[in-house]
Structure formats: structure tokens, C-alpha cells
2 protein chains.
Amino acid sequence: MRISELSSRSGVAIPTIKYYLREGLLHQGAQTAATRAEYDDSHLRRLRLVRALLEVGKLPVASIKTIIEAVDDEALPIHEMLGTAHYALGPTVEPEPGEEWRTARADVDALIDDLGWRIHPQAPTRDELAQTLVRMRQLGLRVDLRPYVEAARRLVAEVEMDTIPFDGPRDAAVEALVLGSVLYGKAFDALRRMAQESESARRLT
Amino acid sequence: MRISELSSRSGVAIPTIKYYLREGLLHQGAQTAATRAEYDDSHLRRLRLVRALLEVGKLPVASIKTIIEAVDDEALPIHEMLGTAHYALGPTVEPEPGEEWRTARADVDALIDDLGWRIHPQAPTRDELAQTLVRMRQLGLRVDLRPYVEAARRLVAEVEMDTIPFDGPRDAAVEALVLGSVLYGKAFDALRRMAQESESARRLT
């Protein structure tokens, strides 16, 4: 298809498509004449992925480039490819100096070991959870993560992983991971605040 | 206590305390001389609450003022007081024109009715969830919210509501709601992404 059809079928404006081509977020089409290129379904899929990363994942262009490189590197196993997108979706947390941090981080590592979860030793989620633990303890919150662990485990194993097409095109798997992770996260957030309101009404009114 | 002691016991710098006094976020102390005022535990509690709203809730000063007014209005029932903080913690979502939005919003209302949840007809969480539903459907995600509903219900009823001291000072109840809601939300987010990584490793490697 020509760029005009790629634009109308993807819903992405032609100048934006040209910007993605220049930035390397979208691979070049097959050149059929000096000023004409031919695009195919792989370009449509890639545009869907780029939009998911930009609009739903709210990721900066530099992170998107890294993810696209991982998608295009066919030698990279799917699990590692998904990891690049996955790690980009979380906040960046810097370890803090001091005993409180070291204790919290050791508790996170021990929790992961106890659960038998397979998490990379350098996964950023370890520091992310450690930071939240530090804040909770500083503020005097009673901390019991077990119900949250169990809820996360069940939702991921029983719902979210089944929405990812592991045996299709690599773009589609990353796209599904990002959409599922972000949008189910938002839905859960709203539902949790609804449950808080309802439970407060039940107990207090 | 004098303002210097209030500062050292709360960890809030004196100029910041003076700013809170000017902005009406902190109530005035008892004037004991032209340039001297006496503060008490109610000021310490209020400073804890303001910091929780600012630093953990990341709320703007205008929202914090509204919440403080609700805390100070003793005629306002606790459930409504908590609601002002609660609604401020969520994103502001504008309803969109069109059939997709109306359908999603009707589905949210029907879900709440089915669950028997006690949610205010104008609660912003209704539009928040509707917006996420619209996005999920536009992007072709298979949507099954029931496991998320069940997880939210259990975590709130079995863990989060029990951390709120309903029978103590009003400041303390709002503070506990904000800290619990935000920090348990962050912890769950990190745990969910950990569970995704672990499940991906289990299935793919």
C-alpha cells in the first residue's frame, strides 16, 4: 500500500508517519520509485505498537526506540524483549543511602525468594517496592503485603498473561503487554477507590 | 509549644510552617504575646496530614485547602469528609461525546448496581472507569473486569479499611486514608509488574 493508505488504515497522519520513519520508530517501505515506497501489514502493526507505547504507555521517544530495537532483534528471546517494554513502564527509582533502605531492599529480595518468583536480580521493580516499603515504615503504616502479593499473582496468571499472543508477530506481543499492563492497572485503580468509597459508606452511614 | 519546637518535632522547617499558616492549611496557635504563639498536638497532627497530602498524595495546595476545610467542618460526617480527600486522589476525567462513552458509562453504572456497591451517583470514579473501558474497547482488548472487582473488594474490606482509625481525630482518619490508598496502590503496582515478569519467565524460558 502507499503511504496515504497506510495513513488512512492506521489513523496516523502522514507527517507523523514520516516523523516515525526519520526517527527509526517505523522501518522503511520498499522503494518503488524515487519518491514512492510500498508499505505492508508489518508497517500497520508497528504503527499500532508505537501508538500504544506513546499514548497508553506515555513513554518518551528514547524509550520507544529501545523497545523497537528489541522487537527488531529477532535473536533476542521473547521474554527479554517483553522485559525491555516492561521495565520502561515502571517509575525509575534510585536506591537511597542508609540502613532503612538496605533493610527494605533485603526484605523485598527475601519476599521474592520465598514466593519462588522468577525476577531478574537487577529488575527495577525490586527497588521500586523497596522505596514504597521505606515510605510506609517511615510513616508508621502497618505493612502486610501478603494479600497484595496473592491478588497480583492471581490477576496476572489467570487474566493478564492470557491476553498476550506469544506465538504471533513480536510487535503484537509487546503491544498486548503494554495495553494490558497499563489499562488493567488503571481499571483496577478506579475499582479499588470505588471499593473504598462503598466500604466507607457501609461502615459509616 | 513554641514554633521552634513544633518545627523540630514535626520535621517541617519554620518558614514552611509560616507559609502553611498564611495559606490557612494550618490553624493559628494561641497568641501569648505580640510575636509569640503557642502550638499543641492538634498542630502536629495537622502538619502530618498536610505533608501526607503534599508528599504522598502529590495534591496541589488548592485541593489540600478543600480537604482541610472538610476536616475542620465538624458538622460534616466522616464519610463525606473522607470523600473529599478520596475524590481528590483520582485523576480528573471529562466525559466524551458519543455513543461509545454513553455505553461504557452505562456499563459502569450497571456493574456498580449489580455489585450492590454504595457509590455516589456523581462519584468521579464512575467516569474514570468508563474512560478506561472506552480505551480498552477501542484497542480491541477483551475486557473482563470481574477478577479485578473481586480483588479490589477483598483488599479494601480485609486490609485497607482496617488501617483507618474512624474513632480518633478527624485529621488522623484522612491521613491514614491517603497514605494507605496511595502507598498500597504503589506497592500493588510493583508487585503486579513483578508477577508479570515471573509468569513470563515461567511460560517462556
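Residues numbered from 1 in each chain as written. Chains lettered and ligands numbered in written order. Predicted model: local features only at pLDDT ≥ 70, side-chain atom pairs only at ≥ 80, totals over all residues. Heavy atoms only, no water.

Visitor: Explain the relation of the copies chain A and chain B to me, and be specific about the residues and the numbers.
Guide: The operation relating chain A to chain B is a screw motion whose rotation component is 180°, with 0.0 Å of axial translation and a residual RMSD of 0.0 Å. Taken together, these values place the two copies in the relation of a two-fold axis. Relative to the rotation axis, the closest C-alpha in chain A is found at Ala151(A), a distance of 3.0 Å. (Least-squares fit on C-alpha atoms with pLDDT ≥ 70 in both.)

Visitor: Outline helix H6 (residues 99–115) of chain B, supporting the account with residue identities and numerical values.
Guide: Over its 17 residues, H6(B) extends 24 Å from the first C-alpha to the last, a length consistent with the 24 Å expected when each residue adds 1.5 Å. Buried within H6(B) are the following residues: Trp101(B), Ala104(B), Arg105(B), Val108(B) and Ile112(B). Down the axis of H6(B), the buried set is contained in an arc of 95°. They therefore lie on one face. Turned more than 90 degrees away from the buried face of H6(B) sit Glu99(B), Arg102(B), Asp113(B) and Asp114(B), all of them exposed. In this structure, the buried residues of H6(B) make contact with helix H9 (170–204) of chain A together with helix H7 (124–138) of chain B. A positive phi of about 70° marks Gly116(B), the residue just after H6(B). (Helix = DSSP H or I, 4+ residues; strand = E, 2+ residues; numbered from the N terminus. Expected span 1.5 Å × (residues − 1). Buried < 20%, exposed > 50% of the residue type's maximum accessible area, 1.4 Å probe, protein only. Arc of directions from axis to C-beta. Contact = heavy atoms within 4.5 Å.)

Visitor: Mind laying out the environment of Glu150(B), listing which residues take part and the relevant values?
Guide: All names here are of chain B. Looking at the element boundaries, Glu-150 is found in helix H8 (residues 146–158). On the basis of relative accessibility, which here comes to 36%, the residue Glu-150 falls in the partly exposed class. With 35 residues separating them along the chain, Glu-150 and Leu-115 place their C-alpha atoms 10.0 Å apart.

Visitor: Give me the packing of helix H1 (residues 3–10) of chain B against helix H2 (residues 14–23) of chain B: which residues, what numbers.
Guide: Residues and elements named next belong to chain B. Close contact between H1 and H2 brings their axes to 9 Å; oriented N to C, the two are set at 105°. Here H1 lies roughly perpendicular to H2, going by the angle between them. Note on element contacts: H2 touches H1 through Ile-14, Ile-17 and Lys-18, opposite Ile-3, Ser-4, Leu-6, Ser-7 and Ser-10. (Axes fitted to C-alpha atoms, helices over the stretch in contact; angles between N-to-C directions. Parallel < 35°, antiparallel > 145°, perpendicular 65-115°, else oblique.)

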